[in-house]
Every structure is written in structure tokens, then in C-alpha cells.
Amino acid sequence: MQTIIATENLTKMYGPHVALDEMSLKISSGATALLGPNGAGKSTMIKTLLGLIQLTSGEGEVLGYNIRTEGDNIRQRIGYMPEYDCLTPEMNAIHQVKYCGELTGMNTNIAMQRAHEVLEYVGLRDQRYREISTFSTGMMQATKLACAIIHDPELLICDEPTNGLDTKARGFMLDTLFQVVKQGDRSILMCSHLMDDVEKICDRIVMIHKGKLIAQGKIEDLKAIDREIEIWVWGGASRMEDAMIDAGLKPRRTGRVMRVVRQDETTYDLVLELAAKAKVQIRRMEDYEPSLEDLFLVIMERLGYGVKSSADLLKSQPPTTAIAPLPSQPGGNF
Amino acid sequence: MEDEIPSVDDLFPDDDLQPSEPISEELLPIAEQSPQTIVEDDDIESLMALEQASAQPEILPTDAEFMGEKGGVVTGRGRMEAAFGTGDGDETATAQVAQVASDVQTGTIFHQVYRPWRGKLNSRWVRNWAILRYHIYGLFSKGHKPWPVMTKLVLFGVLVASIGDLLMLTVGAATGIEAIERLAGISRGNLYGHVLSFWFRNACTYPIVTALIIGGMISEDRRNGTSALYFSRPINRRDYAAMKFLSVAIILSVVVLFTLSAYYLGAILVGGEGWSYVMDTGLLFLGAFAAGTLLVFTYTSIGLALSSVSSGKFFPAVAFIGLILGTKMVAFLIWALFDSSAIYLISPYDNLAHVGQWMLGLNHTYEHPASWSLVMLITMNAVSLYILSARVSSLEVTRE
């Protein structure tokens, strides 16, 4: 699999503030998610990848071009779909998309022809001559996507592509992006705070926090960091929880359902023994299949944040809670 | 062991090769009905002969002519029929129509296919030309920058008003009234007046046109977030600012410099003047043209600087008019009190007017040296361009 983004000790400082701290990344072709709380450095990372900012130190390449010196070449081969509005409300969709093609360097006639194609692809075939100011949020997002893919970029950077979309429009947008990867054989770097979206499209993630790389790799591989066993208890869940804590298992409990980290094969036997001692029934015990949300929470918990969902963390900068980071807290890649 | 392995023939008993029931001729389509001739199974030669015979054209009339070629096969079928087989079985065919899908919902995309594009992307200059064309063509046609109708109307009105002196000259020549010709003819005063007269060109028309044009030139990119469309593409900020500057300057040049040139050329043509007239007045025209260029440059740089510090089009427009007319008014009031013309150095218009008077060799209406006004003009432009470049550098790609 081809490496499309590679950085080595990338550092960007705004005065005393470190936006990117010795970031060493390697992203292969395909769909990758860029995750991190607000202020983690995602925007700086995107601007760096687009070759728009001068780096303090470090080196990097995007699609084989140096991010310090070949920004123009990079931006010619990248499609960027911003999170916020970036369209001229008084223009028709077709002319807006055509203009984006021209700005990339396409001839006028070719840009117009291609604008028709991409607007049809994103589902705006019948709306392409409508003024953008009359568009719904979903249609605007689709137009932004059309603007990003008009020149058939090798890498598509999408910043919150499903922002403000209803369920149906969100599903369509995700399907469309998925097809860009699968049908078009293109790569996507997607920023999103919706873990479901990320899991649907991407097979890899890059997680950053306070300008540092926290995790990168395949989602499936990362999920295996902390394998948990889910136990459904009946007749004394609190007793069972206490017994587990005494045995050093650190259970996470929601009502009668508990999860403990699977340390090795003996963990199952230990749970059964504890249940017998606590005189409770275990009605169900199975390996828990974690979602990306779980993975995210586990990672953030290791970093010392007590959050209940990724939405809490990604919408605003959360306060650090009393949860102490584990001694084995990784400094870089898992 | 080998004998136990069944051969392929063993797998299919002879009975299987025969249809379980004979197919009745009624069930067969007309074209597939068996021929009446009965051929014995062992008579292979006669069967092959029969097949060869059926492959031959039916009859070739020797004297037939088809499409101008003698000896062609005449089948009696029409051309479309022969080409597309229309008529063959049409009477028995059933049209295949689209089936109504009951579960299809409105807006569903049925065939979403990503089509790759492997074209060549052009160079930097083509991209810059696209920006320039977007702003200028927008005044005339759809599909480019959507200029408000009011802007277009005002621009047209000012353009017509700006060639008023040419119209007067034409009227004078047509009617033969010398007074009109003298009044509107080419002179230092008239050339200066076309570009730099305060009333009414620099009090009403040029600042208003400039204000309308620069109003949303950069501020709307900030407000709408369209700066992201520019800077996420291979367009650098210097090119972006330069093309915006050039767009405004070209539109203003049409109003100021094009009409000046039309006035001068019109005077030559209408008066039937020769080369000596051009030699006499050519330098005056060039002086006025240079003063006009300075005016266009200054108005553009100040206007774009104001547009770049705002996120709406109202503030830059009002601020520009206020700056041009307000400084003039303040300078006039202070001058009236203290009788010192140096205060006019704060007014961009008066600096332009003073430098223009110097360029055209007119009597100066200001007491301070023209070089002071020139230095102030350069300073004002430098400050404006600095603000413009600093603010364009702050335009965000990821978030505004």
C-alpha cells in the first residue's frame, strides 16, 4: 500500500504555543480519520498538509511532494472540503463548481463539463442551476464535495463532511465518500467527531492531542489494545463489583452489566470464581467487541480525561479530571 | 480400479438425450418450425447439402439494380428494415417498458458512478486569469461574480457621464457652434478636469463607483468563507491579492482612462486634426493619462485595504467615500481657519489633484510643494498595500 503522507518530527510553533509537537506520521492510501479534541492541532495539521504554513522544524511529504517547498503541487492534487461555508450564496451550483475547477487550473469548457459530472455524482443533477442560497445544508455539503473532487484529486481532505446533516443526507454523504475510495480508488483523510461516521468510511485512524500524536494505525489493530470481557450479573451486582475490585480487576459497571479488561485466559476462570464467592449468577459472559467510540474513550481515559462520550470531548476542551494516567501511558504510537 | 471409473457417456444415459415429450409444432415459433423435408439420420451428405442450399440467397435476378449497383441483392425490404431489422417479428413483439419500483423514494440516486478525470491542469497564469475573468466578466454575463444590479446600473451611468465631454464635442462639431467646441475641446484644463476635477467627477462619480466595486471584493470572501476555495487550491496569496487589485483597477480604468482616451481620440477625429495637433497635445494627454493611472492605483489600493479589514460590503464602501470626501472636507475647514494648504496633505484626493496639476503643467492651487503631495501619495499607497497584504495573509483556509 502506497504511503501518501509521511512526516518526520514535524513541529509548528505560534510564538510560545506549540501547535504540532514533533509529529511523525505515516498514512497509507485509503481512508484515514484524523481525530482529536478541539485545539488538538487538527486544523494546523490540515494547513501543514496543504503546504500553507511555514514549519518551525521537521520535514514532510504529501503525495511525494515536499510540504515546505512544493505547496502548489500538493494543492493541485488535493481536494479540500472545509467544515464551514465556503460557497458564494448568489451563484448557481454549476458555476460555483466550474469556478473551483478553473481555480485549480482546468480549462473553462473542461471545467464546465466536469462540473456537470461531479454534481450528478453528488446527487445534485437536477439542482445544479439553482442558486446556492436556496440550498439545504445537505445540498451545500454536496456542493462543497463537488468543488473538492472536480479535478479528481488523489487525496481528498474532508473536514466534518456530515456536519449538520440529517440521518438520510448523512448516509448519502458517507456512501458517496465511500465510493470515492472504493470506486474511484482515491484516498481520504477525514476529520470528524462522529465515531460512527469514521468507522463506516475509514479503516485507519490518526489521533492527535495537544499537538502530539497519540495513536495511529488500523482501527481493528487499535481496538485490540484493551480487550474486555462483558459480564451480565444477576443477584448482587454490587457484591460482584466489590469482589472484582478486591481481586484487582478494575471493572466498569453500568447496572447489571460490567466490563473488565481481559488480562489473559485465566481472567474468565477468575470471574467465575469471584461470582461463586459473591454468590451471584453470571447469566452471560463474552468478549466485548469494542467500537471506535470505546477505543477513543479508553485512549482519552489513559490521557487523564474523564469523559462519557466523544461528543463531550470534541465539542469543547474538557477539564482534566482526577483520573490519573496509567504508568504505561504511551508517549507516541501504540 | 480404472474400470470402475465411469466415463462421461455413462453419466448421461441415452434416454436423457431425447426429449421426454415431443415438442408440438404449435409451441415452436414460426421461424423455428421444422422443415417439411424429412432427412434420414444417416444421410449426412444430403443434410449438409440442404444447409448449404438454405444459406444461399433466394434468387438473384440478373437485371436487378439496387442503390445504383447492378447485380445487387434485391430483397424487397426497405432500407431501415434491412439495417435495423424493423419489421422482423414486430407484429408479435412486446414492448419492454420500465417497471415502476414501488419501494423507490424520491431523490434516490440509482447509478452513482465516480468518473475519474485524467486531464492536464494548466499553469499559474491560467489560474490567475480565471480570477481576473471571474470578477470582470461578472459585470456582463452570468456564471461569474454575481455583481448586484445596482452596481451594474451605476457603473453604466457613470460610464455614460464620463464621456459627456466627448458628447459635447460631437454636438459642437455637428452644429458648428464654435463656443461649444472651444468649451469642450482638448486643453490642459479639460484634460485635468476629465480625471481630477472635484466637482462632479471626484465628488460623486469616481468615489461612488470605487466604493461599489471594492465593497465586497475581499470582505465577501471573508464573510462567505470563499477564501478557503482559493487557498486550498494552488493559488498563493500574492496572486490572489494581485488579481483582485487588477480586477478593480481594470474596471476603474474603463471609467477613467478609457473615457479619457476616447475623449482625446474623439477630439482628433471630430475636429479632423492632423499630426501637428497630436504633437502639440500628445504630452498633455500622456500627463493626464499618468495622473489618471495614479488616481486609479490610489483609489484601488485604499479601497481594497478597507475591504480587507471588513467582513461586509457596507463598511468598506462607506469608509471609502468617507475617507475621500471626509478628509477633503476637514482639510477645507482647517484651511479656511488657519490659511495653510499643508493640511490638504491628509486628503488623498487633494494629493492626487496637486500631483496632477504638476504633471499637466497647470497653476498649482496649493501653496505647499507638489513633492510633498507626491510623498504623501506614495506613503498612503504603501500603507494601504501593507494593510491589504497583511489582511489577505490572515484569511483562513480551515476556519474564519
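Residues numbered from 1 in each chain as written. Chains lettered and ligands numbered in written order. Predicted model: local features only at pLDDT ≥ 70, side-chain atom pairs only at ≥ 80, totals over all residues.

**Here's the deal with the overall build of chain A**
Quick reminder of the rule: Helix and strand assignments follow DSSP, with helices taken as H or I runs no shorter than four residues and strands as E runs no shorter than two, numbered in order from the N terminus. Partly exposed residues are those whose C-beta has more than 12 but fewer than 20 other C-beta atoms within 10 Å; 20 or more makes a residue buried and 12 or fewer makes it exposed, with C-beta atoms placed from the backbone. Throughout, a residue-residue contact means that the two C-beta atoms, derived from backbone geometry, are no farther apart than 7 Å.
When helices and strands are tallied, chain A shows twelve helices and 15 strands. Across its three principal directions, the C-alpha atoms of chain A cover 80 × 45 × 35 Å. Of all 334 residues assigned to chain A, the portion counted as buried reaches 45%. In chain A, the share of contacts with a sequence separation of at least 24, taken over all contacts with a separation of at least 6, comes to 65%.

**Let's talk about helix H1 (residues 42–49) of chain A**
In an α-helix, one full turn covers 3.6 residues, which means residues spaced three or four apart are oriented alike. All names here are of chain A. The element H1 is largely enclosed, with a buried count of seven among its eight residues. Taken together, the buried positions of H1 are Lys42, Thr44, Met45, Ile46, Lys47, Thr48 and Leu49. Within two residues after H1, Gly51 carries a phi angle of roughly 70 degrees, on the positive side.

**Focus: the domain arrangement of chain A**
Interface extent is often summarised as the accessible area lost during association of the parts. Let me state the cut-off plainly: A domain assignment, automatic or from a database, supplies the domain bounds used here.
Along its sequence, chain A is carved into domain 1 (3–222) and domain 2 (227–288). The gap between the C-alpha centroids of domain 1 of chain A and domain 2 of chain A is 44 Å.

**Looking at the interface of chain A and chain B**
Put simply, the rule reads: Residue polarity is assigned by list, with Asp, Glu, Lys and Arg as charged and Ala, Val, Leu, Ile, Met, Phe, Trp, Tyr, Cys and Pro as nonpolar; anything else, Gly included, falls into the polar class.
Across the contact, 41 residues belong to chain A and 31 residues belong to chain B. For the side of chain A that touches chain B, the secondary structure elements donating two or more residues are H1, helix H2 (71–77), helix H3 (93–104), helix H4 (108–121) and helix H6 (167–182) of chain A. Among the elements that take part in the side of chain A that touches chain B, H3 of chain A stands out by supplying six residues, more than any other. When the residues that make up the side of chain A that touches chain B are grouped by side-chain class, the tally is 18 nonpolar, 13 polar and ten charged.

**A short note on unusual backbone geometry**
Of note, the bond from Trp199 of chain B into Phe200 of chain B is cis; its omega dihedral lies within 30 degrees of zero at 5 degrees. Relative to the assigned elements, Phe200 of chain B resides in helix H10 (residues 198–214). Non-glycine residue Glu22 of chain A carries a positive phi angle of around 45 degrees. Mapping Glu22 of chain A onto the fold places it in strand E2 (residues 17–23). Glu22 of chain A gets classed as partly exposed once you count the C-beta atoms within 10 Å, which come to 16. Although it is not a glycine, Lys210 of chain A adopts a positive phi angle of roughly 50 degrees. Locating Lys210 of chain A in the fold gives a position in the loop between strand E10 (204–209) and strand E11 (212–218). Taking the number of C-beta atoms within 10 Å as the measure of exposure, Lys210 of chain A has 15 and is therefore partly exposed.

**Examining the sheet that holds strand E8 (residues 155–159) of chain A**
All names here are of chain A. Applicable threshold: Any two strands with at least two DSSP-identified bridges between them are counted as paired. Helix axes are fitted only over the stretch in contact, all axes being lines through C-alpha atoms; the angle between N-to-C directions runs from 0 to 180 degrees.
As summarised here, the arrangement of the six strands in space is E7-E8-E9-E4-E10-E11, forming an open sheet in which the pairing is mixed. Lying at the two open borders of the sheet, with one neighbouring strand each, are strand E7 (78–81) and E11. Across this sheet, the average inter-strand angle for adjacent strands is 15 degrees, counted without regard to direction. Bridge count for E7 against E8 is four bridges, and the pairing is parallel. Its bridge partner lying in E8, Tyr80 is registered against Ile157. Helix-sheet contacts for H1 involve strand E4 (31–35), E8, strand E9 (187–191) and E10, and the interaxial angle to E8 is about 155 degrees.

**What about the confidence of the model for chain B?**
Residue and element names in this part refer to chain B. Here is the rule we go by: On a scale of 0 to 100, pLDDT captures the predictor's confidence in every residue.
Model confidence for chain B is summarised by a mean pLDDT of 80, while 72% of its residues fall at 70 or above. The low-confidence segment residues 55–62, where pLDDT is below 50, has three contacts with residues more than four positions distant or belonging to other chains. Note that pLDDT drops below 50 for residues 95–102; the model gives that stretch zero contacts with residues more than four away or on any other chain. For this predicted complex, the interface confidence score (ipTM) comes to 0.79, while the overall pTM stands at 0.76.

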